[in-house]
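# Tertiary structure, described
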Amino acid sequence: MQLSFRWYGDTDPVTLDKIKQIPDMKNIVSAIYDVPVGEVWPKERIDSLKASIEKEGLSLAVIESLPVHESIKLGEADRDAYIANYKTSLKNLAEAGIKTVCYNFMPVFDWTRTDLEHELEDGSTALLYDHDFIKEIDPVTTNLNLPGWDESYTKEEMAALIEKYRQITDEDLWNNLTYFLNEVLPVAIEHDVDLTIHPDDPPWSIFGIPRIIKGKESYQRLISINNAKNNGICFCTGSLGCLEENDLPALIREFGDHIHFVHMRNIKRLENSSFVETAHLSKLGSVDMKEVVRALKDIGYTGTIRPDHGRMIWGETGKAGYGLFDRALGATYINGLIEGVE
């Protein structure tokens, strides 16, 4: 098991020289953030990103994320052109020595929260999801813009996209994921790249649009598409932990051959499907982090783990969930868990 840390490039206030001071931190998780979704990632941009990280004595271990265009998720007529570009980007990453690529198949929205600055009892602030609030709003008819939404869309474009997704079912979305994987996995297999799909966050439908990567049954169906180890899983304890029915250690032991990337964070489940993110420590939330690490040891996991969303503590400001201080504490805690189980 190896620690890794998310870095958002040269504009990230959490700089590489600070990240490498975290004990045993050697790996970086990053991406190219200014190439429009669906276009090819040029080799020279990949090489430049890799070189800037290696200059600091770190390694670019995982790309998170190589985004999937909405036309692919919707199964629209132009999807083949975007899939061809995706294949080329995968080849370019493989030639640069990048062997783990994370993606998601969430329609429209990435992670969704209702509050980025929910104050916890200790005075720190964290991300909160209020399901009752989500149920009462419709993004098509309101001017609300929630955290995690893609701000590159105008309100009109967002509304049109949501309406398209409201016309398809979970089964349609599964069929479109199957089509995508049948096309890109041969390239991933040929170039020894592990594709890892991130679970939906939260792992249930919101705003009347489908979501499909939720837990055990989802992973069983994913692997039934193609059982190659390259058809992989990004195991996110925070996303999966939102559903009490998800036994995280059991999931790790069942699907371990396909887990190539791990996000470790803790959440506390609240009433009515709401949740709040907490510090990483097991007793502060609903996820038994120690048992997660023990399960990873049992399957012989040798891939990367990154401390996921952190609180804002000690007056730090910056990108919500991605400050330095609490994620560094999380990394140190994970270090202790790894040392303990080993």
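Residues numbered from 1 in each chain as written. Predicted model: local features only at pLDDT ≥ 70, side-chain atom pairs only at ≥ 80, totals over all residues. Heavy atoms only, no water.

For strand 8 (residues 231–236), the tally of buried residues reaches six of six residues, placing the bulk of the element in the interior. Alternating residues of strand 8 divide into N231, I233 and F235 and G232, C234 and C236, and every residue in both groups is buried. Bridge count between strand 7 (residues 194–197) and strand 8: three bridges; the pairing is parallel. Counterpart to L195 in the pairing with strand 8 is N231. The parallel pair strand 7 and strand 8, bridged by helix 8 (residues 216–225), forms a crossover whose chirality is right-handed. Relative to strand 9 (residues 259–264), strand 8 runs parallel, the two being bridged by four bridges. Looking at the pairing, C236 lines up with H263 of strand 9. (Buried < 20%, exposed > 50% of the residue type's maximum accessible area, 1.4 Å probe, protein only. Helix = DSSP H or I, 4+ residues; strand = E, 2+ residues; numbered from the N terminus. Pairing = 2+ DSSP bridges. Right-handed = clockwise from strand over helix to strand, strands pointing away.)

Quick look at the nonpolar core now. Counting 97 residues, the largest nonpolar core has L177 and F180 as its most contacted members. With sequence-adjacent residues up to four places away left out, F180 is seen in contact with V68, I72, I83, Y86, Y103 and F105. Counting residues in hydrophobic clusters, the runner-up holds six residues, among them V29, A61, C102 and C234. (Core = buried A, V, L, I, M, F, W, Y, C linked by side-chain atoms within 4.5 Å. Contact = heavy atoms within 4.5 Å.)

One open sheet holds the four strands; their spatial order is 5-6-11-10, and the pairing between them is antiparallel. Sheet topology places strand 5 (115–119) and strand 10 (267–269) at the edges, where each strand pairs with a single neighbour. The average angle at which neighbouring strand axes cross in this sheet is 35°, direction not considered. Looking at chain direction, strand 6 (residues 125–129) and strand 11 (residues 275–277) are connected through two bridges and run antiparallel. (Axes fitted to C-alpha atoms, helices over the stretch in contact; angles between N-to-C directions.)

Residue placement: S124 occurs in the loop between strand 5 and strand 6. The exposure class assigned to S124 is buried, which follows from its relative accessible area of 5%. For S124, the side chain forms a polar contact with the side chain of D122, separated by 2.6 Å. A polar side-chain atom of S124 sits 3.2 Å from a polar atom in the side chain of R311. (Polar contact = N/O pair within 3.5 Å; in protein donor to acceptor, adjacent residues only side chain to side chain.)

Here we take up unusual backbone geometry. Each neighbour pair has its own omega, and for E64 with S65 the value is 0°, a cis peptide bond. Relative to the helices and strands, S65 is located in the loop between strand 3 (59–64) and helix 3 (70–74). Note the cis peptide between D201 and P202, where omega equals 0°. Looking at the secondary structure, you find P202 in the loop between strand 7 and helix 8. Of note in this structure, D192 is not a glycine but carries a positive phi near 55°.

A few words on the sheet that holds strand 2 (residues 27–30). Strands sit in the order 1-2-3-4-7-8-9-12 around a closed barrel of eight strands; the barrel is parallel. The sheet shows a mean angle of 30° between the axes of neighbouring strands, taken without regard to direction. Looking at chain direction, strand 4 (residues 100–103) and strand 7 are connected through four bridges and run parallel. Of the residues in strand 7, the one forming a bridge with C102 is T196. Packing of helix 8 onto the sheet brings it into contact with strand 7 and strand 8, and relative to strand 8 it is tilted by some 160°.

Next up on the list: the packing of helix 8 against helix 10 (residues 248–255). Running from amino to carboxyl end, helix 8 crosses helix 10 at an angle of 10°, the nearest separation of the two axes being 11 Å. Taken together, helix 8 and helix 10 sit at an angle that is classed as roughly parallel. Relative to helix 10, helix 8 is oriented so that their crossing is right-handed. Counting all contacts with helix 8, which are made through K216, Y219, Q220 and I223, the residues of helix 10 involved are L251, E254 and F255. (Parallel < 35°, antiparallel > 145°, perpendicular 65-115°, else oblique. Left-handed = near helix turned anticlockwise from the far one by under 90°.)

Keep in mind these values describe shape, not function.
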